[in-house]
Amino acid sequence: MQHLDVAKKVILMLIFQTCCLALTQAQSRNVIGKWKVEITFANAKQYSLQFDAQGAGKGSFLLLLPGPSMVDPAKPAEAKWSQSDQNSVTFSGPVEFPLGNVGRDAGTLVLKGKFETESLITGQVEFSPLAGDGPSKSGTFKAIRAAGG
């Protein structure tokens, strides 16, 4: 009789642990924080930007330009983010990529990805220019949570 009670307790403990594990895994990943985003377009052109994800789906993009340039430094642009399920996330907003030393290619950047880990998001990127009939650009991205972000 006593062995039966012990077996019931062990089974109940296993069920409880399984439920706790399932709940922990079902919690969505936390987007809020600073992310360093590395973008590679299909034409092999690469860019880096910082995405600062804030509460309520708000955020900002800051293009990180290498070294000195004739172009004024980038300023943060208002962006937004959304999370469709526990692992899928979308960032979007306006960006101005430099064209040579004097011009800018303004448009809307959309990054759609999935959490690989709590600190890594990878996925597809699409850039649609605002001016003219310029073609959109597509590629891939990797976002790494910044230290302290």
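Heads up: the structure comes first, above all this text.
Residues numbered from 1 in each chain as written. Predicted model: local features only at pLDDT ≥ 70, side-chain atom pairs only at ≥ 80, totals over all residues. Heavy atoms only, no water.

## A word on unusual backbone geometry
Counted only if it meets this: Helix and strand labels come from DSSP, where a helix needs a run of H or I of at least four residues and a strand needs a run of E of at least two; each type is numbered from the N terminus. In this scheme, a residue with accessible area under 20% of its type's maximum is buried, one over 50% is exposed, and one in between is partly exposed, where area comes from a 1.4 Å probe on protein chains only.
Of note in the backbone geometry, Ala44 takes a positive phi value of approximately 75° without being a glycine. For Ala44, the position within the fold is in the loop between strand S1 (33-41) and strand S2 (46-53). Classification of Ala44 by relative accessible area gives exposed; the value is 56%. Positive phi values are uncommon outside glycine, yet Ala56 reaches one of about 60°. When you line up the elements, Ala56 lands in the loop between S2 and strand S3 (58-64).

## Thoughts on the environment of Asn87
Just so we agree on the cut-off: Contacts: residue pairs with any heavy atoms within 4.5 Å of one another.
Residue placement: Asn87 occurs in the loop between strand S4 (77-83) and strand S5 (88-99). Residues Asn87 and Glu118 lie 31 residues apart in sequence; the distance between their C-alpha atoms is 9.5 Å. Here Asn87 is in contact with Arg29, Gly113, Lys114 and Phe115, once residues within four sequence places are set aside.

## Quick notes on the pattern of salt bridges
Pairing is possible between side chains of opposite charge, provided their charged atoms come close. What counts is decided by this rule: Salt-bridge detection follows one rule: a side-chain nitrogen of Lys or Arg within 4 Å of a carboxyl oxygen of Asp or Glu.
Across all of its chains, the model carries 5 salt bridges by this definition. Across the pair Arg145 and Glu118 runs a salt bridge whose closest N-O atoms are separated by 3.4 Å. One end of the pair, Arg145, is in strand S8 (residues 137-145); the other, Glu118, is in the loop between strand S6 (103-117) and strand S7 (120-129), with 27 residues separating them in the sequence. For Glu118, a relative accessible area of 36% corresponds to the partly exposed category.

## A closer look at the side chain of Ser92
Within the secondary structure layout, Ser92 lies in strand S5. Those residues in contact with Ser92, other than ones at most four positions away along the chain, are Phe61, Ala79, Lys80, Leu109 and Val110.

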